[in-house]
Amino acid sequence: ARTDMMDKEMEDLPYYKIFPKYLGSVPPGSPIEVHNVTCFHNVKLTTEKESETEILLTIEHTEADSFLCHRSFVISIGSHSQIVELFGNGKRSLKLATDGSPEQDWDVMERGPRGFVHMMSPEDLIYNIGATLALFQAELTPDITALAENMNREFLKAYVNIDMPPRENAPEVMEIPEEMIKNGDTINILRLNGLSPLIGWAMGAATGHTVVALWRANRLYMCESTTVNADWPTNGIQCNPYSTWIEQAKNADYHCVLAPIRQELSDQLDMEKAWRYVDQHVGLDYGYEVVLMGWLDTVRDNLPCIRFRDMPPMCLEPEHFEMLFTYVQRISYAAARVFVPAVQQRAGVPFNTTLTQAYYQAALKGIQPTEIYSIPEQTGWLYETTRDGHPVIGESMVCNDFVCNVWKQGGMFNGTDVNCAESSVNDNYKLDIYEDPELRPDMCKDADPENPTCQLLGPYSLRLDSQPGVLPRYNYVPISDQMFSNCPSMAPDYLAPHEC
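Conventions used here
Residues numbered from 1 in each chain as written. Predicted model: local features only at pLDDT ≥ 70, side-chain atom pairs only at ≥ 80, totals over all residues. Heavy atoms only, no water. Helix = DSSP H or I, 4+ residues; strand = E, 2+ residues; numbered from the N terminus. Rg over C-alpha atoms; globule rule 2.2 N^0.38 Å. Buried < 20%, exposed > 50% of the residue type's maximum accessible area, 1.4 Å probe, protein only. Contact = heavy atoms within 4.5 Å. Areas by Shrake-Rupley, 256 points an atom, 1.4 Å probe, with all protein chains shown as cover. Lys, Arg positive; Asp, Glu negative; His and termini not counted. Charge placed at Lys NZ, Arg CZ, Asp CG, Glu CD. Salt bridge = Lys/Arg side-chain N within 4 Å of Asp/Glu carboxyl O. Phe/Tyr/Trp six-rings, centres within 6.5 Å; stacked < 30°, edge-to-face > 60°. Lys NZ or Arg CZ within 6 Å of the ring centre and 35° of its normal. Axes fitted to C-alpha atoms, helices over the stretch in contact; angles between N-to-C directions. Parallel < 35°, antiparallel > 145°, perpendicular 65-115°, else oblique. Nonpolar A, V, L, I, M, F, W, Y, C, P; charged D, E, K, R; others polar. Polar contact = N/O pair within 3.5 Å; in protein donor to acceptor, adjacent residues only side chain to side chain. Pairing = 2+ DSSP bridges. Core = buried A, V, L, I, M, F, W, Y, C linked by side-chain atoms within 4.5 Å. Left-handed = near helix turned anticlockwise from the far one by under 90°.

Caption draft 1: Structural detail: the overall build of the protein. Helix and strand content of the protein: 14 helices and 18 strands. By the compact-globule yardstick of 23 Å for 500 residues, the protein fits well, its C-alpha radius of gyration being 24 Å. Each principal axis of the C-alpha atoms in the protein carries an extent, and together these give about 75 × 50 × 40 Å. Looking at the 500 residues of the protein, the share that counts as buried comes to 57%. Look at the contacts in the protein between residues 6 or more apart in sequence, and 69% of them connect residues 24 or more apart. By element, 52% of the accessible surface of the protein is carried by carbon and sulfur atoms, the whole surface being about 20400 Å². Averaging the coordinates of the 37 positive side-chain charges in the protein and doing the same for the 70 negative ones gives two points 2 Å apart.

This is the structure:
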């Protein structure tokens, strides 16, 4: 049942209010001063060069609301990050050094350390971190608790304007005959596990995963690029019989809808070529290396903002990615895979270089660190990955990229230059390729009269045509050359050109 928590607004909720606000970069001799961003109404950052390899950074904080004013500052350079706790009015200095390498000298002496501040108190920050982590309970367990479901629905409604009311009298599984599912049809999926709703917020998507239907030897398969985790037993690019897949999806608490493509498009698919492509890629690891790249088409216009009740809004900025992943690369190769290899690819450096080395080499070519991720991903770029658990150099594809490429290899785009590597999870279902909703089975109409697709699983309503953004949201974008490569997706309206 619905609860009052579904009526809260972003301003009143703690989710993702955990990132510090970017203040600026402070090279020697170029101080910055900011006003009224925290209980310190005046903050000044300066750096002085003390030697060829060392600088002194000073943070001066004045006009505090009271001596109890307490905020956490983050100072970041490519080789080092430091949290500085400041109270009341005062001044704090710290030394930062390079190792004398060209990239560190450039990073520290030319660019200067980057300064950030958490806008709330450390106590509120800890609470916000805990609430945000609670959204991800289902990433650790195969089952989703009712509390986690409601928290994720609350988040989707307040942050993305996606409402998921309960489905009244809907069957646990919509038992549509397999023969009604055609080659090229997709099933679009949302799991209330923290991750899928996060994808929805970032991209303006109603779903977080997609799979494609393919027939072979009179048997229906669902093919996808996915990850092994608490809810799914197999890793990477795979195909499973529909009967197996739908049972696993039910056990994983999936919400999913069948989005059938038009009959004539299905009929024109060259299934020999489509299956050849699938067989060539089965067993490749999920595309961690490119997971953010279909989303990050622009420098700033894909980055979400947080609204507070008593503070100015704060948006994610390009500098956050550098601050976060220079640190992450130092502690976890696995976690760094979701960003660092894509930057290395664009900088043209080996995959064993540091992120700072990659930024430096890109800067020598005139590409700034804040813009490098907006360079379009290209189908066919190769990464260090695995196949069936063994290291290989191969393509890296997330779910929507893989589905798009299956369509493309099967000839559905008729020679149009569609760069599937730049697609995001909702780009696929926005394409003008889907069947008239009136043709969906009567059992689907009876269970969900207003839904233009057929919902197969899930106790809550999942609609591809709903908010966020400007309607229709589903089945309307014409196929065109390079259509996915430069598409903004900024909340709350997620406005984009029609070709996006």
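Caption draft 2: Region of interest: the pattern of salt bridges. This structure, assessed with the given rule, holds 25 salt bridges. A salt bridge links E52 to K49, with the nearest nitrogen and oxygen atoms 3.6 Å apart. Among the salt bridges present, the one from R337 reaches D285, with a minimum N-O distance of 3.1 Å. With R337 in the loop between α9 (333-336) and α10 (340-347) and D285 in the loop between α7 (271-281) and β14 (305-306), the pair connects residues that are 52 residues apart, well separated along the chain. Judged by relative accessible area, R337 falls into the buried class, the value being 14%. With relative accessibility at 6%, the residue D285 sits in the buried group. Bridged by salt links that share partners, the residues D107, R111, R114 and E322 form one connected network.

Caption draft 3: Quick peek at the packing of aromatic side chains. If you walk through the whole model with that rule in mind, you get 23 aromatic pairs. An angle of 40 degrees between the planes, with centres 4.7 Å apart, marks the rings of F155 and Y159 as tilted. Pair noted here: F155 and Y159 are both in helix α3 (residues 146-160), with a separation of four residues, about one helical turn. Given a relative accessible area of 3%, Y159 falls into the buried group. Here the aromatic residues Y15, Y16, F155, Y159 and W201 are joined through ring pairs into a cluster of three or more. For the cation-ring pair, R153 lies above Y460, with the distance from its terminal atom to the ring centre recorded as 4.0 Å. If you follow R216 out to its NZ or CZ, it ends over the ring of W275, 4.0 Å from the centre.

Caption draft 4: How the structure looks around the packing of helix α8 (residues 318-331) against helix α11 (residues 355-364). Relative to each other, α8 and α11 sit at 130 degrees, their axes nearing to 9 Å. Relative to α11, the element α8 is oriented oblique. Residues E322, F325, T326 and Q329 of α8 form the contact with α11, whose participating residues are L355, T356 and Y359. Tallied by class, residues from the contact of α8 with α11 come to three nonpolar, three polar and one charged.

Caption draft 5: View of the side chain of T58. In this structure, T58 sits in strand β4 (residues 54-64). At 2.9 Å, the side chain of T58 and the side chain of S93 are in polar contact. Ignoring any residue separated from it by four or fewer positions in sequence, one finds T58 in contact with K44, L45, T46, K91, R92 and S93.

Caption draft 6: Region of the structure containing the sheet that holds strand β10 (residues 209-216). On the basis of which strands lie adjacent, the open sheet formed by six strands has the order β12-β11-β10-β9-β13-β18 and antiparallel pairing. With one partner strand each, in any of the chains shown, β12 (236-241) and β18 (454-457) form the two edges of the open sheet. Each neighbouring strand pair of the sheet contributes to a mean axis angle of 30 degrees, computed without reference to strand direction. Lying over the sheet, helix α5 (residues 242-251) contacts β9 (186-190), β10, β11 (219-226), β12, β13 (255-259) and β18, oriented at roughly 110 degrees with respect to β12.

Caption draft 7: Seen up close, the nonpolar core. Judged by nonpolar contacts, the single largest core of 102 residues is most densely connected at Y159, W201, F321, F339 and W407. Per-element tally for this core: the top contributor is α3, with seven residues. Setting aside residues no more than four positions away along its own chain, W407 makes contact with G184, T186, V212, I261, L269, M412, F413, N428, L431, I433 and Y434.

Caption draft 8: Representation of the side chain of N188. Locating N188 in the fold gives a position in strand β9. Within the structure, N188 has its side chain in polar contact with the side chain of T186 (distance 3.1 Å). Here T210 takes part through its side chain, which lies 3.4 Å from a polar atom of the side chain of N188. Aside from chain neighbours lying at most four places away, what touches N188 is T207, H209, T210, H255, C256, V257, A259, Y429, L462 and L464.

Caption draft 9: Here's a closer look at the packing of α7 against helix α12 (residues 399-409). Look at α7 against α12: their axes get within 8 Å of each other, and the N-to-C directions meet at 140 degrees. Relative to α12, the element α7 is oriented oblique. The handedness of the crossing between α7 and α12 is right-handed. Only F402, N405, V406 and Q409 of α12 make contact with α7, whose side of the interface consists of K273, A274, Y277 and V278. Here the residues of the contact of α7 with α12 are counted per class, giving five nonpolar, two polar and one charged.

Caption draft 10: Structural detail: unusual backbone geometry. Non-glycine residue N169 carries a positive phi angle of around 60 degrees. Within the secondary structure, N169 is located in the loop between α3 and β9. N169 sits in the exposed class, given a relative accessible area of 78%. Backbone geometry places N475, a non-glycine residue, at a positive phi of 65 degrees. Relative to the elements of secondary structure, N475 occurs in the segment after β18.

Caption draft 11: Seen up close, helix α4 (residues 195-203). All of the buried residues in α4 are S196, P197, G200, W201, A202 and M203. As for α4, its buried residues are in contact with α3, β9 and β14. The first or second residue beyond α4 is G204, which carries a positive phi of 75 degrees.

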